[in-house]
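An overview of the molecular structure
Listed here are the chains, written in short residue letters.
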Amino acid sequence: MTHITEPHVHTYLRCNIWHLRGRDTDVVIDSGLGLVSLVGSFPELFAGRRVLAVATHYHFDHVGGFHEFDDRAIHEAEAHLITDETVMAGRLHTRGASPGQLAQLAEAGYDLPVEAELLTAAPFAGFDPDAYTVTPCAANRLLHDGDVVEMGDRSLEVLHLPGHSPGSIGLWDAERRVLFSGDAVYDGPLLDFDADSDVAAYCETMRRLRDLPARRVHGGHEASFDGARLRELCDAYLHRRSPGS
Ligand SMILES: [Zn+2]
(Lines give C-alpha, C1' and ligand atoms only; values in the text may rest on other atoms or scores of the structure.)
Protein backbone atom coordinates (compact mmCIF):
# COMPACT_ATOMS: atom_id res chain seq x y z
CA MET A 1 0.00 0.00 0.00
CA THR A 2 1.22 3.51 -0.77
CA HIS A 3 0.09 6.59 1.15
CA ILE A 4 0.18 9.88 -0.76
CA THR A 5 -0.58 13.39 0.51
CA GLU A 6 -0.24 16.90 -0.83
CA PRO A 7 2.41 18.47 1.42
CA HIS A 8 1.93 22.23 1.15
CA VAL A 9 -1.74 22.20 1.98
CA HIS A 10 -3.41 23.21 5.26
CA THR A 11 -4.40 20.08 7.23
CA TYR A 12 -8.06 21.05 6.79
CA LEU A 13 -7.74 20.36 3.05
CA ARG A 14 -5.03 17.70 3.11
CA CYS A 15 -6.68 14.45 2.17
CA ASN A 16 -5.12 11.01 2.40
CA ILE A 17 -4.73 9.19 -0.91
CA TRP A 18 -4.39 5.40 -0.61
CA HIS A 19 -3.05 3.31 -3.44
CA LEU A 20 -3.52 -0.46 -3.23
CA ARG A 21 -1.83 -2.84 -5.62
CA GLY A 22 -4.05 -5.71 -6.71
CA ARG A 23 -3.37 -8.80 -8.81
CA ASP A 24 -5.89 -7.80 -11.48
CA THR A 25 -6.90 -4.26 -10.55
CA ASP A 26 -5.27 -1.58 -8.44
CA VAL A 27 -7.45 0.73 -6.39
CA VAL A 28 -6.78 4.35 -5.55
CA ILE A 29 -8.95 5.62 -2.73
CA ASP A 30 -9.50 9.37 -3.09
CA SER A 31 -7.29 11.59 -5.22
CA GLY A 32 -6.64 14.85 -3.36
CA LEU A 33 -7.12 18.40 -4.56
CA GLY A 34 -5.63 17.73 -7.96
CA LEU A 35 -3.20 20.66 -7.80
CA VAL A 36 -0.86 18.62 -9.98
CA SER A 37 -1.45 15.44 -11.92
CA LEU A 38 -1.60 12.43 -9.60
CA VAL A 39 -0.94 9.92 -12.37
CA GLY A 40 1.90 12.04 -13.78
CA SER A 41 3.53 12.39 -10.36
CA PHE A 42 3.70 8.62 -9.74
CA PRO A 43 4.40 6.84 -13.01
CA GLU A 44 5.84 3.90 -11.04
CA LEU A 45 2.43 3.35 -9.45
CA PHE A 46 0.14 3.98 -12.37
CA ALA A 47 1.85 3.37 -15.70
CA GLY A 48 0.40 0.43 -17.58
CA ARG A 49 -1.86 -0.61 -14.72
CA ARG A 50 -5.58 -1.18 -14.56
CA VAL A 51 -6.75 1.20 -11.83
CA LEU A 52 -10.14 1.82 -10.27
CA ALA A 53 -10.39 5.28 -8.67
CA VAL A 54 -12.84 5.26 -5.77
CA ALA A 55 -14.10 8.52 -4.30
CA THR A 56 -15.11 8.13 -0.65
CA HIS A 57 -17.35 11.17 -1.25
CA TYR A 58 -17.69 14.11 -3.61
CA HIS A 59 -15.91 16.88 -1.65
CA PHE A 60 -13.32 18.68 -3.76
CA ASP A 61 -10.37 17.85 -1.52
CA HIS A 62 -10.99 14.14 -2.29
CA VAL A 63 -11.72 14.10 -6.01
CA GLY A 64 -9.21 16.45 -7.65
CA GLY A 65 -7.54 13.64 -9.58
CA PHE A 66 -10.67 11.59 -10.25
CA HIS A 67 -10.86 12.70 -13.88
CA GLU A 68 -7.39 11.28 -14.56
CA PHE A 69 -8.63 7.70 -14.32
CA ASP A 70 -10.63 5.72 -16.86
CA ASP A 71 -12.52 3.77 -14.20
CA ARG A 72 -14.19 5.86 -11.53
CA ALA A 73 -16.53 4.83 -8.74
CA ILE A 74 -18.63 6.80 -6.27
CA HIS A 75 -21.73 6.08 -4.20
CA GLU A 76 -24.92 6.45 -6.20
CA ALA A 77 -26.20 9.22 -3.89
CA GLU A 78 -23.39 11.51 -5.09
CA ALA A 79 -23.19 10.58 -8.76
CA HIS A 80 -24.99 13.78 -9.77
CA LEU A 81 -22.76 16.00 -7.61
CA ILE A 82 -19.44 14.96 -9.06
CA THR A 83 -20.52 16.07 -12.53
CA ASP A 84 -21.71 19.50 -11.36
CA GLU A 85 -19.11 22.20 -11.96
CA THR A 86 -20.65 24.60 -9.43
CA VAL A 87 -20.30 21.89 -6.77
CA MET A 88 -16.75 21.09 -7.88
CA ALA A 89 -15.53 24.71 -7.64
CA GLY A 90 -13.52 24.32 -4.43
CA ARG A 91 -11.72 27.12 -2.61
CA LEU A 92 -8.07 27.12 -1.57
CA HIS A 93 -8.43 30.17 0.66
CA THR A 94 -10.73 31.58 3.32
CA ARG A 95 -11.49 34.86 1.59
CA GLY A 96 -15.22 35.39 1.64
CA ALA A 97 -15.77 32.82 4.38
CA SER A 98 -18.17 34.28 6.93
CA PRO A 99 -17.13 34.72 10.58
CA GLY A 100 -19.91 32.25 11.39
CA GLN A 101 -18.44 29.59 9.10
CA LEU A 102 -14.95 30.10 10.51
CA ALA A 103 -16.30 30.00 14.07
CA GLN A 104 -18.10 26.74 13.34
CA LEU A 105 -14.91 25.20 11.95
CA ALA A 106 -12.90 26.52 14.91
CA GLU A 107 -15.39 24.99 17.32
CA ALA A 108 -15.00 21.69 15.50
CA GLY A 109 -11.22 22.00 15.83
CA TYR A 110 -10.00 23.60 12.60
CA ASP A 111 -8.61 27.03 13.36
CA LEU A 112 -8.33 28.48 9.87
CA PRO A 113 -6.53 31.74 9.11
CA VAL A 114 -8.86 34.61 8.19
CA GLU A 115 -8.78 35.95 4.61
CA ALA A 116 -5.81 33.74 3.82
CA GLU A 117 -4.50 31.07 1.51
CA LEU A 118 -4.68 27.45 2.64
CA LEU A 119 -1.55 26.57 0.66
CA THR A 120 1.98 27.27 1.87
CA ALA A 121 3.60 26.85 -1.54
CA ALA A 122 2.53 27.07 -5.16
CA PRO A 123 2.57 23.70 -6.93
CA PHE A 124 4.20 25.30 -10.00
CA ALA A 125 5.27 28.74 -11.20
CA GLY A 126 2.37 30.90 -12.26
CA PHE A 127 -0.21 28.86 -10.31
CA ASP A 128 -3.33 30.92 -9.69
CA PRO A 129 -5.21 29.67 -6.61
CA ASP A 130 -8.26 31.72 -7.56
CA ALA A 131 -8.58 29.82 -10.82
CA TYR A 132 -8.58 26.48 -9.01
CA THR A 133 -11.41 24.12 -9.75
CA VAL A 134 -11.87 20.38 -9.91
CA THR A 135 -12.60 18.94 -13.33
CA PRO A 136 -16.11 17.50 -13.06
CA CYS A 137 -16.47 14.03 -14.52
CA ALA A 138 -18.98 11.24 -14.25
CA ALA A 139 -18.32 8.00 -12.47
CA ASN A 140 -18.75 4.90 -14.61
CA ARG A 141 -19.43 2.67 -11.62
CA LEU A 142 -22.00 3.48 -8.96
CA LEU A 143 -21.51 1.95 -5.55
CA HIS A 144 -24.05 0.73 -3.02
CA ASP A 145 -23.77 -0.66 0.47
CA GLY A 146 -22.59 -4.25 0.30
CA ASP A 147 -21.00 -4.03 -3.14
CA VAL A 148 -17.60 -5.64 -3.47
CA VAL A 149 -14.64 -4.04 -5.20
CA GLU A 150 -12.69 -7.02 -6.52
CA MET A 151 -8.94 -6.61 -7.02
CA GLY A 152 -8.14 -10.23 -7.83
CA ASP A 153 -6.27 -11.18 -4.68
CA ARG A 154 -8.09 -8.79 -2.38
CA SER A 155 -11.70 -7.66 -1.98
CA LEU A 156 -13.05 -4.50 -0.47
CA GLU A 157 -16.64 -4.29 0.71
CA VAL A 158 -18.43 -0.99 0.24
CA LEU A 159 -19.94 0.37 3.46
CA HIS A 160 -22.39 3.24 3.00
CA LEU A 161 -21.52 5.61 5.86
CA PRO A 162 -23.70 8.72 5.45
CA GLY A 163 -23.58 11.73 7.75
CA HIS A 164 -20.57 13.81 6.69
CA SER A 165 -22.13 13.70 3.23
CA PRO A 166 -25.08 11.70 1.84
CA GLY A 167 -23.00 9.23 -0.14
CA SER A 168 -19.94 8.88 2.08
CA ILE A 169 -18.53 5.39 1.92
CA GLY A 170 -15.86 3.29 3.53
CA LEU A 171 -14.05 0.30 2.04
CA TRP A 172 -13.74 -2.69 4.36
CA ASP A 173 -11.12 -5.37 3.88
CA ALA A 174 -12.66 -8.06 6.09
CA GLU A 175 -9.78 -10.50 5.61
CA ARG A 176 -7.18 -8.04 6.89
CA ARG A 177 -9.67 -6.20 9.14
CA VAL A 178 -8.62 -2.90 7.61
CA LEU A 179 -11.04 -0.05 7.01
CA PHE A 180 -10.58 2.85 4.62
CA SER A 181 -13.05 5.23 6.17
CA GLY A 182 -13.02 8.41 4.09
CA ASP A 183 -14.40 11.33 6.08
CA ALA A 184 -16.90 9.21 8.01
CA VAL A 185 -14.25 8.87 10.69
CA TYR A 186 -10.66 10.04 11.06
CA ASP A 187 -8.55 11.05 14.05
CA GLY A 188 -9.29 14.75 13.85
CA PRO A 189 -12.19 17.20 13.83
CA LEU A 190 -15.20 15.51 12.22
CA LEU A 191 -17.42 17.81 10.20
CA ASP A 192 -21.20 17.42 10.15
CA PHE A 193 -22.52 20.89 9.45
CA ASP A 194 -22.51 21.15 5.68
CA ALA A 195 -25.89 21.79 4.08
CA ASP A 196 -26.11 18.11 3.13
CA SER A 197 -24.62 16.69 6.33
CA ASP A 198 -27.01 14.65 8.48
CA VAL A 199 -26.31 14.28 12.20
CA ALA A 200 -28.88 11.52 12.77
CA ALA A 201 -27.43 9.50 9.89
CA TYR A 202 -23.93 10.21 11.22
CA CYS A 203 -24.93 8.77 14.61
CA GLU A 204 -26.15 5.59 12.90
CA THR A 205 -22.87 5.42 10.97
CA MET A 206 -20.92 5.73 14.22
CA ARG A 207 -22.96 2.93 15.85
CA ARG A 208 -22.17 0.74 12.87
CA LEU A 209 -18.46 1.57 12.84
CA ARG A 210 -18.14 1.05 16.58
CA ASP A 211 -19.10 -2.61 16.06
CA LEU A 212 -16.73 -3.22 13.16
CA PRO A 213 -13.87 -5.57 14.19
CA ALA A 214 -11.24 -3.30 12.62
CA ARG A 215 -7.55 -3.63 13.47
CA ARG A 216 -6.46 -0.64 11.41
CA VAL A 217 -8.30 2.39 10.07
CA HIS A 218 -7.02 4.64 7.30
CA GLY A 219 -9.13 7.80 7.26
CA GLY A 220 -9.71 10.54 4.73
CA HIS A 221 -7.54 12.93 6.76
CA GLU A 222 -4.96 12.75 9.55
CA ALA A 223 -2.99 9.74 10.81
CA SER A 224 -4.15 6.12 10.78
CA PHE A 225 -5.23 4.40 14.00
CA ASP A 226 -6.27 1.10 15.53
CA GLY A 227 -9.60 -0.46 16.44
CA ALA A 228 -9.58 0.78 20.03
CA ARG A 229 -9.14 4.36 18.80
CA LEU A 230 -11.95 3.80 16.29
CA ARG A 231 -14.32 2.90 19.11
CA GLU A 232 -13.15 5.93 21.12
CA LEU A 233 -13.79 8.26 18.20
CA CYS A 234 -17.24 6.75 17.56
CA ASP A 235 -18.16 6.99 21.24
CA ALA A 236 -16.91 10.58 21.45
CA TYR A 237 -19.06 11.57 18.47
CA LEU A 238 -22.13 9.81 19.88
CA HIS A 239 -21.56 11.39 23.28
CA ARG A 240 -21.44 14.81 21.64
CA ARG A 241 -24.30 14.45 19.18
CA SER A 242 -26.56 11.85 20.72
CA PRO A 243 -26.09 12.17 24.49
CA GLY A 244 -27.89 9.56 26.52
CA SER A 245 -28.33 7.12 23.60
ZN1 LIG B 1 -15.39 15.75 3.09
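Above: the structure in question.
Here the residue numbering is sequential within each chain, running from 1 through the sequence in written order. Selection of residues for local features in this predicted model requires a pLDDT of at least 70, selection of side-chain atom pairs for listing and counting requires 80 or more, and totals for whole chains, interfaces and linings are taken over all residues. The basis for the side-chain values is all heavy atoms of the structure; hydrogens and waters are excluded.

A look at the sheet that holds strand 8 (residues 155-160)
By definition, two strands form a pair when at least two bridges between them are found by DSSP. Helix and strand assignments come from DSSP, with helices taken as H or I runs of at least 4 residues and strands as E runs of at least 2, each series counted from the N terminus. With mixed pairing, the six strands of this open sheet are ordered in space as 7-8-9-10-11-12. This sheet does not close on itself; its edge strands, each paired only once, are strand 7 (148-150) and strand 12 (225-226). Bridge count between strand 10 (residues 178-182) and strand 11 (residues 216-219): four bridges; the pairing is parallel. Counterpart to Phe180 in the pairing with strand 11 is His218.

Some words on the coordination of the zinc ion
Any N, O or S atom lying within 2.8 Å of the metal counts as a donor, and for Na, K and Ca the limit rises to 3.2 Å; water is left out, so some sites can look incomplete. Distances from the zinc ion to its protein donors, namely His57 (NE2), His59 (ND1), His164 (NE2) and Asp183 (OD), fall within the range 2.1 to 2.5 Å. For the zinc ion, the four donor atoms are set out with angles of 86 to 176° between them, so the coordination reads as irregular. If you list the donors of the zinc ion from N- to C-terminus, the spacing comes out as H-x1-H-x104-H-x18-D. Taken together, the residues span a long stretch of sequence, with His57 in the loop between strand 4 (51-54) and strand 5 (71-75) and His164 in the loop between strand 8 and strand 9 (169-173) at a distance of 107 residues. Judged by relative accessible area, which is 3%, His164 ranks as buried. Between 85 and 135 degrees for all angles marks four donors as tetrahedral; over 155 degrees for opposite donors together with 65 to 115 for all other angles marks four donors as square planar and six as octahedral; every other arrangement is irregular. Burial here depends on accessible area, computed with a 1.4 Å probe over protein chains only, as a share of the maximum for the residue type. Under 20% is buried, over 50% is exposed, and the range in between is partly exposed.

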